[in-house]
Amino acid sequence: MSKLRKLARMGKDIGYETYYQHCWKKMPIQENRILFESRTGKEFAANLWYLLQEILAENVDYDIGILVTKECREQVEKKFHRAGISKVTFVTVYSALYYQWISTAKYLFVDTSMERVYVKREGQILLNTWHGTPLKKMGRDENTSAYAMWNIQRNFLMSDYLLYPSEAMCSLMMDAYQIGPLYQGKVLLEGYPRNSVFFKKEQNTIRKRLGLVGKQIIMYMPTWRGIVGKEKQQEQLVKTKEILEVLDAQLKDTQVMYVKLHPFVNQALSAEGYRHIRNYEEPEDVYEFLTCCDTLITDYSSIFFDFANAGKKIILFPYDLEEYERERGLYINLEQLPFPIVHDVAELSQELQTEISYDDKEFLETFCTYDNADAAKRIVDHVLHGNKCCKEMVFENHQKKNVLLYGSEFGKSGITTALLNVFENINLQEKNYFVAIDELALEKDCKRLELLPKDAYFMPAGNTMHFSLLEAVAYYLYFHWNRNGRWVQKKMKQLFQRECKRRFHRADFDQVIQYTGYEVRHIKLYQQFACPTAIWVHNDMLEEIKLRKNQHLLTLKEAYREYDAVAIVTEDLYEATRNIGGQ
């Protein structure tokens with residue numbers, strides 16, 4: 001990207017942030033306003049679709065907004081039009097209207113996460129339903145992309161409600177995203193709204209409309225491959241076509257297979273030329289369509305946890321199991337599940353001819369514990385109307401103190417070695433130690449996370465900052481011209497306090513340590529916490545400024561005065577440190 005384009009992009013971002021802060025500070029929260037965001041605006045489906053249906057059925061005058069990306073807006077609007085839903089406002093992500101809605105909605109219902117720019121206001125209520133019981137590893141457990149969990153982790157921490165259909169999923173998500181000791185909201189142990197359809201009597205209207213009465217309807221729903229942001233779309237499309245070409249020849253005329261790829265695989269799959277296979281492009285929500293399906297084929301998708309409620313046949317088809325386990329990893333050995341497993345098209349074709357021969361009672365009790373026919377209604381009553389009809393879990397009694405340490409890139413350096421030595425010489429069971437590690441460094445080399453002891457918690461440290469126009473001016477004056485007048489101080493404090501809220505909202509720490517002592521943004525950021533703070537000094541910072549020019553004297557002077565403690569690692573650093581701090 002050219003320098004001119006970078007400046008233009010920066011100016012645009014600053015303009016949007018300036019407007020967002022205006023909306024956030026000046027516009028009142030609308031008590032009847034509900035904002036939905038499904039799959040980061042790329043579709044509108046599953047849990048949120050059924051919660052919306054329930055809310056609309058109340059016939060109350062809510063102001064409802066649907067967040068959508070610019071690229072996917074048309075297809076989402078078509079779905080609403082086909083369903084006859086018109087009393088909603090479609091809000092394009094990062095438009096001017098977007099900043100108004102995320103600032104003024106009383107209720108925000110999401111199934112993944114709000115965007116990184118979002119800062120939750122006091123008085124807003126955030127419900128995160130997530131989008132499925134995980135089989136594939138997530139969060140810190142994901143070998144190659146744990147760095148990508150930062151925005152999800154912070155979204156979970158600022159949520160008032162997290163929805164899980166089983167204790168098993170609750171425990172797994174708390175551990176994977178490292179939020180158990182910090183979470184201040186409530187967990188709703190309640191069924192997934194989208195699974196309510198499986199408890200109702202199957203209607204033949206879909207079969208009749210499609211001319212499929214008396215036929216076996218099969219749904220094939222493979223999950224995506226790769227890592228977030230680096231999906232293997234083309235590779236998966238090629239492999240899927242190879243499978244379908246062989247399978248189409250083996251299916252009987254009494255069998256019809258529909259194929260629905262994951263939203264991350266945003267390229268269309270053509271079913272042209274197949275006799276028994278169709279691309280899923282039906283007007284119904286996919287869960288409504290699943291009620292008329294006789295068989296589900298999937299691999300590592302969470303969809304089988306949901307479809308198990310229907311009592312119909314599930315076939316697991318993990319054709320690349322060894323590779324997938326190596327790259328992503330699974331929480332459950334597939335052999336421990338009750339469902340038949342096939343590894344090639346011949347085995348799949350044969351399994352499609354047989355009836356259910358497994359017992360999934362224990363599976364349902366473990367993973368579908370709270371799924372029921374009225375989940376959507378119960379959640380709406382609980383969250384919107386305050387009727388305590390869902391089972392709540394509140395994490396009130398956090399027995400241990402929480403300590404946050406900034407570990408920077410956590411690479412091969414003397415500071416990282418020193419921090420690891422600290423961990424070797426303290427009892428990690430006495431307190432909850434959270435180590436913030438630079439997410440861009442982890443993206444380049446996620447293996448460095450393996451250095452962190454398993455008993456220590458992990459928080460990716462986000463790199464981006466969001467400036468208003470006046471904050472950007474103050475930031476430039478402070479760091480480039482060493483100006484620190486009252487106006488600059490005011491704007492810098494405003495900037496970093498909001499950044500602290502954006503990154504660590506409702507994360508309750510008892511102590512915060514800027515362990516590296518480097519990186520001006522993180523020095524100022526960790527200075528904002530209300531709990532006791534400390535900054536470590538590993539080197540003579542005056543010499544660092546003189547020889548390497550990798551420090552900012554004004555920032556250090558302020559930090560050594562404002563942090564509650566300044567810890568030098570050797571006595572010979574005392575004079576230089578005292579000279580900077582002035583005390």
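Definitions and cut-offs
- Residues numbered from 1 in each chain as written.
- Predicted model: local features only at pLDDT ≥ 70, side-chain atom pairs only at ≥ 80, totals over all residues.
- Heavy atoms only, no water.
- Helix = DSSP H or I, 4+ residues; strand = E, 2+ residues; numbered from the N terminus.
- Polar contact = N/O pair within 3.5 Å; in protein donor to acceptor, adjacent residues only side chain to side chain.
- Contact = heavy atoms within 4.5 Å.
- Core = buried A, V, L, I, M, F, W, Y, C linked by side-chain atoms within 4.5 Å.
- Buried < 20%, exposed > 50% of the residue type's maximum accessible area, 1.4 Å probe, protein only.
- Pairing = 2+ DSSP bridges.
- Axes fitted to C-alpha atoms, helices over the stretch in contact; angles between N-to-C directions.
- Phe/Tyr/Trp six-rings, centres within 6.5 Å; stacked < 30°, edge-to-face > 60°.
- Left-handed = near helix turned anticlockwise from the far one by under 90°.
- Nonpolar A, V, L, I, M, F, W, Y, C, P; charged D, E, K, R; others polar.
- Right-handed = clockwise from strand over helix to strand, strands pointing away.

Asker: Where do I start with the side chain of T104 in this structure?
Answerer: Relative to the helices and strands, T104 resides in helix α4 (residues 96-104). A polar contact of 2.7 Å, which involves the side chain of T104, links it to the side chain of R33. For T104, the contacting residues outside a window of four places in its chain are M27, P28, I29, Q30, R33 and Q124.

Asker: Explain the nonpolar core to me, please; I cannot follow it from the model alone.
Answerer: The nonpolar side chains of soluble globular proteins are, as a tendency, buried together. In this structure, F36, I66, F109 and F509 are the most contacted members of the largest nonpolar core, which totals 153 residues. Per-element accounting of this core gives the leading share, 7 residues, to helix α2 (residues 46-57). When sequence neighbours within four positions are dropped, the list of residues in contact with F36 reads F44, L48, L51, L52, I55, I64, G65, I66, L67 and F109. Judged by nonpolar contacts, the second largest core, of 19 residues, contains I243, L247, L261 and V345.

Asker: How do you make sense of the environment of G84 when you look at a structure like this?
Answerer: Inspection of the secondary structure assignment puts G84 in the loop between α3 (73-82) and β3 (89-92). A C-alpha to C-alpha distance of 40 Å links G84 and R328, two positions 244 residues apart in sequence.

Asker: I would appreciate a short explanation of the sheet that holds strand β20 (residues 533-537) in the present structure.
Answerer: What links the strands of a sheet is backbone hydrogen bonding, and the strands pair in either a parallel or an antiparallel sense. Taking strand neighbours across the sheet as the criterion, the 6 strands line up as β18-β17-β16-β19-β20-β21 in an open arrangement whose pairing is parallel. Whereas interior strands pair on both sides, the edge strands pair on one side only; in this sheet they are β18 (457-461) and β21 (565-568). Taking each pair of neighbouring strands and ignoring which way they run, the sheet shows an average axis angle of 20 degrees.

Asker: Mind showing me how you'd approach the environment of R561 here?
Answerer: Counting through the fold element by element, R561 comes out in helix α21 (residues 553-562). The class of R561 is partly exposed, set by a relative accessible area of 46%. Through-space distance from the C-alpha of R561 to that of R578 is 9.8 Å; in sequence the pair is 17 residues apart.

Asker: Looking at this structure, I do not really get the environment of A565. What am I missing?
Answerer: Here A565 shows up in strand β21. Distance in space between the C-alpha atoms of A565 and T533 is 6.5 Å, their sequence separation being 32 residues. Dropping the residues within four chain positions of it, A565 is found in contact with T533, A534 and I535.

Asker: Help me out: how do you make sense of the packing of aromatic side chains in this one?
Answerer: Each aromatic ring pair is described using two quantities: the centre-to-centre distance and the angle formed by the ring planes. Applying the stated criterion across every chain yields a total of 41 aromatic pairs. Relative to Y99, the ring of Y98 lies with its centre 5.0 Å away and its plane at 80 degrees, an arrangement referred to as edge-to-face. For Y98, a relative accessible area of 0% puts it in the buried group. A relative accessible area of 4% places Y99 in the buried class. Between F305 and F363, the ring centres sit 5.5 Å apart and the planes meet at 20 degrees, which makes this aromatic pair stacked. Of this pair, F305 sits in helix α10 (residues 303-307) while F363 sits in helix α13 (residues 361-367), and the two are 58 residues apart along the sequence. Accessibility assignment for this pair places F305 and F363 in one class, buried.

Asker: Looking at this structure, how should I read the packing of helix α1 (residues 3-26) against α4?
Answerer: Relative orientation and spacing of two packed helices are given, respectively, by the angle between their axes and the distance between those axes. Taken N-terminus to C-terminus, the directions of α1 and α4 make an angle of 35 degrees; their axes are 9 Å apart at the nearest point. For the crossing formed where α1 meets α4, the hand is right-handed. Residues Y16, Y19, Y20, C23 and W24 of α1 form the contact with α4, whose participating residues are A96, Y99, Q100, I102 and S103. Residue composition of the contact of α1 with α4, grouped by class: 8 nonpolar, 2 polar and no charged.

Asker: Before we go on, may I ask you to explain the pairing of strand β5 (residues 125-128) in this structure?
Answerer: Regular strands have side chains that alternate between both faces of the sheet. Because side chains alternate across β5, one face comprises the buried residues I125 and L127, and the other comprises L126 and N128, equally buried. Bridging between strand β4 (residues 105-110) and β5 involves 4 bridges; their strand directions are parallel. When the sheet's bridge partners are listed, L108 is paired in β5 with L126. Summarising the sheet, β5 and strand β6 (residues 161-164) pair through 2 bridges and their orientation is parallel. Residue pairing for β6: L127 is matched across the bridge by Y161. Crossover handedness for the path β5 to helix α5 (residues 150-158) to β6: right-handed.

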